[in-house]
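In case you want the letters, here they are:
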Amino acid sequence: MAEAHAAGEQVAARVWTVRLDAAGRGLTAVKVDCSRAACTPQRLDSAAQGRTFAAAHLRAHLRAAGGPRREAACACRAAGCQGHAESGGRGSAGPVWRCGGAVVLAVLTDPMGRWWRAWECCARCAAVHPAARVVATAPEAAPVGAVDETPVPAGVPGVGAGAPLFFAPSPAAASGGAPAGGDRLPAPRAAAAGPRTPKRSGKIAQRHVPHDLRPTVLRDELIELGDAFRAYQSAAEPDLARLAELHERKARAFTTWADVTGDGSLRAEARRAEQAAATALAQHAQRTGEGASGVTRLLTGPNQWEHARAVLAHARDHAPVPGPEARLVVLMLTLRSACGGSGNVTGLDVKGWPLTDPEQVLQSLVDAGWLRLPGTVSDLLASGSDNPTRVGVDSLLAPDGVSGVLGLGKTTRAKLSGWAQKTVGERTLRKKKLPAAGRLLALACAAHSSADGRLGAVGRLGAVGRGLGLDALAALCAVDTSEIGALVEQLTAAEWFSDVSLTDTHLMGGLSERVLPLGCPVPAGTGTEAASGTGSGGA
C-alpha cells in the first residue's frame, strides 16, 4: 500500500478509541470517553451498562464511517506497531517492515473490557495483531476510465443493512495483489468457528476468581456471590436475613474452593463466613421477633459462645481430680487464669461455689500439681477483695510461656468468667441448694441450646432441637449417666427447664424463659458436642 500510492495521494487514517473508566473511588458508576472530540463523555450506573454503551457507540462510528478508504495511510504504522521495529544500528533486526495489502478497517478490544479501538490500516499490519478483527476491506482501485459496477458487500460499515460486530469472526481480506519488491502478504487468519465467548472472571473477599477454576459451577457461584455482596453493600437498607444467606453460601463455596485447591486460607475464610452468618441470623431474630426476641444475653456473640463451650470441654478433658466438685473448681479457676496462667481469687469467691469441703477440694488440686498457691489453702479462703490471692495454673500456659492455650483475650476471659459465676450462683439454684453436679449440668445445657432455648438445636432459629446426649452430659458434669435423671428433676424444680423429657439416650426440651439470658446459642445449621453423644465417660 505504501508503494501503491504517492505520499501526496494518501490521507490520514481514522482511529476511534472508546474507553471505560471508574467514575470515582468507591463508586459503581463508570465514565465512557471517546477519542473523537465531538463525542460527549457519558456516565453509566454500572460497568455492564458502560460496556454495552461503549460497544454500541463504536458500532455507530463504524456505520457512519462509510468503510475503509483505499487511499488512507496505515494508522497502525503511524502509531508504531511491533512489526515496524528497525535495528537502529545495533545489529541485524531482520528486514525493514513494509506495509502492504489493501486498506482494512480493524477492531481491537481489551480482554478486560476497558477499551475498544477501530482504525484504518494495511492488511499486513492488521495481521500482526493476533487479537484484531478485520470487519471491512477497501475495494481495489478500478482501471483508469472504467466504471466500478461491483456491488458493495452488505457487511461494509455504513452501507446497506448490517453493522460490524465486535466479536464477529474476521472475513477474509480481499487480495490487494503482491506489493512491490515481491513480498508475499501474510495469509489471512482462519475464521473462528463462532462468536468468541469471553472467559468469566470476578472478585470476592479481596480474592480474584481464576477464569479457569474448575468445576465451572463453583467459579460461577463465586463470581455471582461477589456481585451479590457488592449489590448488598450498595443497597439503601440492610437486610440481615439476606446477608446471612449470602454468608452461608460463601461458607459452602469457600469450603469447596479449599477442597479443590488445598488452600488453607480459604477454609479459614469459610469459617469466618459461618460465624458472620450466625451473627446476622441472631441480629435478624432480635429485630424481627423470630426466635427469642428481645433477649439480652450475658455473652453477646458467636465467638464468645464458642469459647464458653471450649472451656467446658477443656475442664472435662484436663481435670486432674475426679468428682463434680473438683470439676467445678477446675472450671472456675481455668476461667480466672486463662490468659496468662494466673488470676486473682478471694475466699468469698470460693464460698459462693457449692462445695461441701472447699479446703479439701483445693488441697487436692494443689497436691495433684495442677494448682499453684503463694501460701496455703487457708490463706486463700481467708483472703478478701482488698487482698486477693494470686493463683497459678501452669498447664494453661502456651509453650511461649506468655499466651494461654485457650486463646482468650482479657475482655473475653472476663466476660466468660462473669457468665459462669452468675450461672453457678443463680438465685434459684442457690435457694434450692443444688450440688456442684447440678450447677455443671445447668452450665452445659445453657451452652448447648438454640437461640430460643431448645436443647441441642441443629436447625435455624426456632427449630426444635434433637436433644442432648446423656453420655456427653455426664462427661461434662463428672457424674455417671444414671445420675442425670435426678439432676434433671432438681433443675426442673428450680424452673431451669420447660417441657423437659428424658429418654434412654437424650435429654429433650428447652430452657425456661428466665434462663435464656444465660444461654449460648449453637450456630444454626451445626450440631453440638453434647448432642452428638461423644466425649469421655463420666468420672
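Residues numbered from 1 in each chain as written. Predicted model: local features only at pLDDT ≥ 70, side-chain atom pairs only at ≥ 80, totals over all residues. Heavy atoms only, no water.

The next point concerns the overall build of the chain. On a plain count of helices and strands, the chain comes out with 17 helices and 13 strands. Burial analysis of the chain (539 residues in total) assigns 44% to the buried set. Counting contacts in the chain only where the partners sit at least 6 residues apart, residues at least 24 apart contribute 63% of the total. Carbon and sulfur atoms provide 53% of the accessible area of the chain, an area that totals close to 27,000 Å². (Helix = DSSP H or I, 4+ residues; strand = E, 2+ residues; numbered from the N terminus. Buried < 20%, exposed > 50% of the residue type's maximum accessible area, 1.4 Å probe, protein only. Contact = heavy atoms within 4.5 Å. Areas by Shrake-Rupley, 256 points an atom, 1.4 Å probe, with all protein chains shown as cover.)

A few words on the nonpolar core. In terms of nonpolar packing, the biggest core is built from 72 residues, with Leu362, Leu371, Trp419, Trp496, Phe497 and Leu511 touching the most fellow members. For this core, the leading source of residues is helix H14 (residues 436-447), giving ten residues. Ignoring any residue separated from it by four or fewer positions in sequence, one finds Trp419 in contact with Leu298, Leu299, Ala308, Leu443, Ala447, Leu518 and Cys520. In this structure, Ile204, Leu218, Ala228 and Ala253 belong to the second largest nonpolar core, which totals 22 residues. (Core = buried A, V, L, I, M, F, W, Y, C linked by side-chain atoms within 4.5 Å.)

Moving on: the pattern of salt bridges. Under the defined criterion, the tally for this structure stands at 17 salt bridges. A salt bridge links Lys31 to Asp33, with the shortest nitrogen-to-oxygen separation between them at 3.9 Å. A relative accessible area of 36% means that Lys31 is categorised as partly exposed. In this structure, Arg272 engages Glu269 in a salt bridge whose closest nitrogen and oxygen atoms are separated by 2.7 Å. Within this pair, Arg272 and its partner Glu269 are both found in helix H6 (residues 264-288), separated by three residues, close to a single helical turn. Several salt bridges share partner residues, and in doing so they unite Arg14, Arg69 and Glu120 into one network. (Salt bridge = Lys/Arg side-chain N within 4 Å of Asp/Glu carboxyl O.)

It is worth spelling out empty space enclosed by the protein at this point. For the structure shown, the criterion picks out one cavity of 30 Å³ or more. Considered as a void within the structure, the largest cavity measures approximately 30 Å³ in volume. Residue lining of the largest cavity: His307, Ala308, Val311, Leu312, Leu331, Leu335, Leu416 and Trp419, and that is the complete set. Among the elements that make up the lining of the largest cavity, the one with the highest residue count is helix H7 (residues 302-318) (four residues). (1 Å grid on protein atoms, 1.4 Å probe; cavity = no way out; pocket = protein on both sides within 12 Å on 5 of 7 lines; lining within 4 Å. Points joined across faces, edges and corners; volume = space filled by probe spheres on them.)

To continue, consider the packing of aromatic side chains. Applying the stated criterion across every chain yields a total of one aromatic pair. Ring centres of Phe254 and Trp257 lie 5.4 Å apart, and the angle between their planes is 65 degrees; this geometry places the pair in the edge-to-face category. Placement of the pair is Phe254 and Trp257 together in helix H5 (residues 240-261), with a separation of three residues, close to one helical turn. Comparing Phe254 with Trp257 shows no difference in burial state: the two are buried. Here Arg117 stacks its cationic end above the ring of Trp115, 5.0 Å away from the centre of that ring. The ring of Phe229 is capped by Lys250, whose NZ or CZ atom sits 5.8 Å from the centre of that ring. (Phe/Tyr/Trp six-rings, centres within 6.5 Å; stacked < 30°, edge-to-face > 60°. Lys NZ or Arg CZ within 6 Å of the ring centre and 35° of its normal.)

For the rest of this paragraph, the subject is unusual backbone geometry. For the bond running from Arg214 to Pro215, omega is 0 degrees, close enough to zero to count as cis. Take Pro215: it is sitting in the loop between strand E8 (207-209) and helix H4 (216-233). At Ala205, a residue that is not glycine, the phi angle is positive and equals roughly 55 degrees. Tracing the sequence through the fold places Ala205 in the loop between strand E7 (202-204) and E8. The phi angle at Lys433 is positive, at roughly 55 degrees, despite the residue not being glycine.

The pairing of strand E1 (residues 15-22) with strand E5 (residues 115-122) spans five bridges and is classified as antiparallel. Bridge assignment links Arg19 to a residue of E5, and that residue is Trp115. Bridge count between E1 and strand E2 (residues 30-34): five bridges; the pairing is antiparallel. For Leu20, the partnering residue across the bridge sits in E2 and is Val32. (Pairing = 2+ DSSP bridges.)

Between its terminal C-alpha atoms helix H12 (residues 410-424) stretches 21 Å, which fits the 21 Å expected from 15 residues at 1.5 Å a residue. Summarising the contacts, the buried residues of H12 are in contact with H7, helix H8 (324-337), helix H13 (427-431) and H14. (Expected span 1.5 Å × (residues − 1).)

Considering every residue of the chain, the mean pLDDT works out to 77; 75% of them sit at 70 or more. Low pLDDT (under 50) marks residues 144-194, which in the prediction has 71 contacts with non-local residues, meaning those over four places away or in another chain. Residue range residues 525-539 is modelled with pLDDT below 50. Its contacts to residues more than four positions away, or to other chains, number 44 contacts. (pLDDT = per-residue confidence, 0-100.)

With respect to burial, helix H15 (residues 470-477) is a largely interior element, seven of its eight residues being buried. Looking one or two residues past H15, Ala478 carries a phi angle of roughly 60 degrees, positive in sign.

Counting buried positions along E5 yields seven of eight residues, so the element is predominantly enclosed. In this antiparallel pair of consecutive strands, strand E4 (residues 103-109) and E5, the connection spans five residues, and Gly113 shows a positive phi of 70 degrees.

Ordered in space as E3-E2-E1-E5-E4-E6, the six strands form an open sheet in which the pairing is antiparallel. The sheet terminates laterally at strand E3 (42-44) and strand E6 (133-137), the two strands that pair on one side only. The sheet shows a mean angle of 20 degrees between the axes of neighbouring strands, direction not considered. Lying over the sheet, helix H1 (residues 47-65) contacts E1, E2, E3, E4 and E5, oriented at roughly 170 degrees with respect to E1. (Axes fitted to C-alpha atoms, helices over the stretch in contact; angles between N-to-C directions.)

Remark: H7 packs on H8, axes separated minimally by 9 Å, with the N-to-C direction vectors making an angle of 130 degrees. Relative to H8, the element H7 is oriented oblique. For the pair H7 and H8, the sense of crossing is right-handed. Residues Val311, Leu312, His314, Ala315 and Arg316 of H7 touch H8, and the partners they reach there are Arg327, Val330, Leu331, Thr334 and Leu335. (Parallel < 35°, antiparallel > 145°, perpendicular 65-115°, else oblique. Left-handed = near helix turned anticlockwise from the far one by under 90°.)

What follows deals with the sheet that holds strand E13 (residues 506-511). Across a sheet, paired strands are connected by hydrogen bonds in the backbone, their directions being either parallel or antiparallel. Across the sheet, which stays open at both edges, the three strands sit in the order E11-E13-E12 with antiparallel pairing between neighbours. Each having just a single partner strand, strand E11 (468-469) and strand E12 (497-502) make up the two edges of the open sheet. By the bridge criterion, four bridges tie E12 to E13 in an arrangement that is antiparallel. The residue bridging Ser501 from the neighbouring strand is Met508, located in E13. In the packing of helix H16 (residues 484-493) onto the sheet, the strands contacted are E12 and E13, and the crossing angle to E12 comes to about 160 degrees.

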